[in-house]
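Below are the chains, spelled out letter by letter.
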Amino acid sequence: QVSRLVELPYSSCSDDDADGVSLPGDTAEQDPGLWCHVPPKPSTFSRCVRYLAFLWNLLFLLLGLLLLAVGVWGLLAKASLPGGERGAPLGSDPMLLFMLGGLGASAVSLAGCLGALRASPCLLRFFLGALLAFAGLEVLGGLLVLLAQRRLRDGLRDLLLLCLLRYQEDPDLQFLVDEVQRSLQCCGLRSYHDWESNPYFNCSAPGVQACGVPASCCQDPLESGSVPNAQCGFGVLALGPAVAGAVVHVGGCEAALGAWLRGQAGAIAAGAAALVLVEAVGALMALRVLGDVAAFRAWG
């Protein structure tokens, strides 16, 4: 009887064991089918990984919700949602990228949080699949940058030209153009004359902005004052290059932006590597939790 009890690595599932009393004779006569496996207890390291995975995804869930809130706030502030009376169309609004990016990050992070908290294989597999999809898109984007540099350069030129044409129509584009021209000390696409393509700055346009450029093109928009002069670029297009060069930056932003991007290549590569590292850490923790769940269910 004693040897039989030693050979059975089981714990009794009967109701009699709830009393904590078991007679040797009764135990030996029980049917082995009434015994059940003892499930393995997760190690301290496994529990730490599980809670760390939950906190890791919770952080990115909050960041995704913040990004989503910024996008929705931007759309509502410009009344560009359906039914709005002003602003750019919803499909071409830059704030839509914030909203979609925040929504995607929030959904994936929420799946990771619940998957780690509830030990759900379905949610963990969805989380891993989403990370793999993001990694594939990042690799594809890097290959496009390396293999289609000329097309990307032409696309960037067309985008900058579109920003010049829609300068007064979209507050986001106006802010972006002003920041680029002010920080890079440039004006227009290839030169300050590119602003003639804008219907408001064209010399044949009615209004005070005709033959002018934005104030962000001016070399000294403050003009020794404390408040920027929004009219410092008015009438510049009617001046010659030498005279205009004393008032505004005559060089275009295409060359300046290209030089700035080449100078920031190291920072861009470091940011991409950090993003890949973050995704790899999240995937490894999810794989560990998924492995623990599979090992536990194998005893069932």
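Given the structure is predicted, the values throughout are model-derived calculations rather than measurements. (Residues numbered from 1 in each chain as written. Predicted model: local features only at pLDDT ≥ 70, side-chain atom pairs only at ≥ 80, totals over all residues. Heavy atoms only, no water.)

### What to know about the overall build of the chain
Here is step 1 of the chain: Scanning the chain from N- to C-terminus turns up ten helices and two strands.
Here is step 2 of the chain: Starting at the N terminus, the α and β elements of the chain follow one another as α-β-α-β-α-α-α-α-α-α-α-α.
Here is step 3 of the chain: Here the chain holds 300 residues, and the buried ones make up 27% of them.
Here is step 4 of the chain: The long-range share in the chain, meaning contacts at least 24 apart out of those at least 6 apart in sequence, stands at 65%. (Helix = DSSP H or I, 4+ residues; strand = E, 2+ residues; numbered from the N terminus. Buried < 20%, exposed > 50% of the residue type's maximum accessible area, 1.4 Å probe, protein only. Contact = heavy atoms within 4.5 Å.)

### Focus on the pattern of salt bridges
Here is step 1 of the chain: Following the criterion strictly, the structure yields six salt bridges and no others.
Here is step 2 of the chain: Here E254 makes a salt bridge to R157, at a shortest N to O gap of 2.8 Å. One end of the pair, E254, is in helix 9 (residues 253-263); the other, R157, is in helix 6 (residues 149-165), and 97 residues separate them in sequence.
Here is step 3 of the chain: The salt bridge partner of E254 is R190, with a shortest N-O separation of 3.8 Å. In this pair, E254 is assigned in helix 9 and R190 in the loop between helix 7 (171-184) and helix 8 (241-245), connecting sequence segments 64 residues apart. (Salt bridge = Lys/Arg side-chain N within 4 Å of Asp/Glu carboxyl O.)

### Focus on the UniProt feature "transmembrane region" (unreviewed entry) in the chain
Here is step 1 of the chain: Within the UniProt annotation, "transmembrane region" (unreviewed entry) is assigned to residues 54-76, 96-117, 123-147 and 267-290.
Here is step 2 of the chain: End C-alpha to end C-alpha, residues 54-76 measures 32 Å, and it is 100% helix and 0% strand.
Here is step 3 of the chain: For residues 267-290, the end-to-end C-alpha separation is 35 Å, with 100% helix and 0% strand making up the annotated structure. (UniProt positions renumbered as here; feature names shortened; annotations may be inferred.)

### Things to note about helix 6
Here is step 1 of the chain: In a regular helix each residue adds 1.5 Å, so 17 residues correspond to 24 Å; helix 6 covers 24 Å between its end C-alpha atoms and thus fits that length.
Here is step 2 of the chain: The set of residues buried in helix 6 consists of R157, C163 and L164. An end-on view of helix 6 places all buried positions within 120° of arc, on one side of the element. Exposed side chains of helix 6 directed beyond 90 degrees from the buried face belong to R151 and D158.
Here is step 3 of the chain: Where the residues of helix 6 are buried, they touch helix 7 and helix 9. (Expected span 1.5 Å × (residues − 1). Arc of directions from axis to C-beta.)

### So, the environment of S46
Here is step 1 of the chain: One can find S46 in helix 3 (residues 44-77).
Here is step 2 of the chain: Residue contacts for S46: discarding those within four places in its chain leaves R288 and D292.
Here is step 3 of the chain: Within the local environment of S46, its side chain forms a polar contact with the side chain of R288, the two groups lying 3.0 Å apart. (Polar contact = N/O pair within 3.5 Å; in protein donor to acceptor, adjacent residues only side chain to side chain.)

### Quick look at the packing of aromatic side chains
Ring pairs (aromatic) are described by centroid distance and by the angle formed between their planes.
Here is step 1 of the chain: Counted by the stated rule, this structure contains four aromatic pairs.
Here is step 2 of the chain: Centroid distance W56 to F60: 5.7 Å. Interplanar angle 50°. Geometry classified as tilted. Taken as a pair, W56 and F60 lie in helix 3 at a separation of four residues, close to a single helical turn.
Here is step 3 of the chain: For W56, a relative accessible area of 25% translates into the label partly exposed.
Here is step 4 of the chain: On the basis of relative accessibility, which here comes to 28%, the residue F60 falls in the partly exposed class.
Here is step 5 of the chain: Here the aromatic rings of Y167 and F201 are separated by 6.2 Å at their centres, their planes lie at 50°, and the arrangement is tilted. Placement of Y167 in the loop between helix 6 and helix 7 and of F201 in the loop between helix 7 and helix 8 is noted, with a sequence separation of 34 residues between them. The pair Y167 / F201 is uniform in exposure class, with both members buried. (Phe/Tyr/Trp six-rings, centres within 6.5 Å; stacked < 30°, edge-to-face > 60°.)

### A few points about a nonpolar patch on the surface
Here is step 1 of the chain: Taken together, the side chains of L59, L63, L66, L67, V70, L97 and F98 present a nonpolar region at the surface, about 630 Å² in accessible area.
Here is step 2 of the chain: Sorting the residues of the nonpolar patch by element identifies helix 3 and helix 4 (95-118) as the ones contributing at least two each.
Here is step 3 of the chain: Take the nonpolar patch: its biggest share by element is five residues, from helix 3.
Here is step 4 of the chain: With respect to the helices, strands and loops of the structure, F98 is situated in helix 4. (Patch = residues over 30% accessible without salt bridge, like charges linked within 9 Å, V, L, I, M, F, W, Y side chains within 5 Å. Areas by Shrake-Rupley, 256 points an atom, 1.4 Å probe, with all protein chains shown as cover.)

### Regarding the side chain of S216
Here is step 1 of the chain: Positionally, S216 belongs in the loop between helix 7 and helix 8.
Here is step 2 of the chain: At 2.9 Å, the side chain of S216 forms a polar contact with the side chain of D178.
Here is step 3 of the chain: What S216 contacts, discounting residues up to four positions off in sequence, is D178, Q181 and R182.

### A word on the state of the cysteines
Here is step 1 of the chain: In the structure shown here, the tally under the stated rule is four disulfides.
Here is step 2 of the chain: With its sulfur 1.9 Å from that of its partner, C203 forms a disulfide with C211. Every disulfide takes its handedness from the sign of the S-S torsion; for C203 and C211 that torsion is 120°, giving right-handed.
Here is step 3 of the chain: Relative accessible area serves as the criterion here: at 39%, C203 is assigned to the partly exposed category.
Here is step 4 of the chain: Taking the relative accessible area as the measure of exposure, C211 reaches 14% and is therefore buried.
Here is step 5 of the chain: Between the sulfur of C218 and that of C232 lies a disulfide, 2.0 Å long from S to S. One quick way to see it: the torsion about the S-S bond of C218 and C232 is about 105°, and its sign makes the bridge right-handed. Of this pair, C218 sits in the loop between helix 7 and helix 8 while C232 sits in the loop between helix 7 and helix 8, and the two are 14 residues apart along the sequence. For the pair C218 and C232, one class covers both residues: buried. (Disulfide = S-S within 2.5 Å.)

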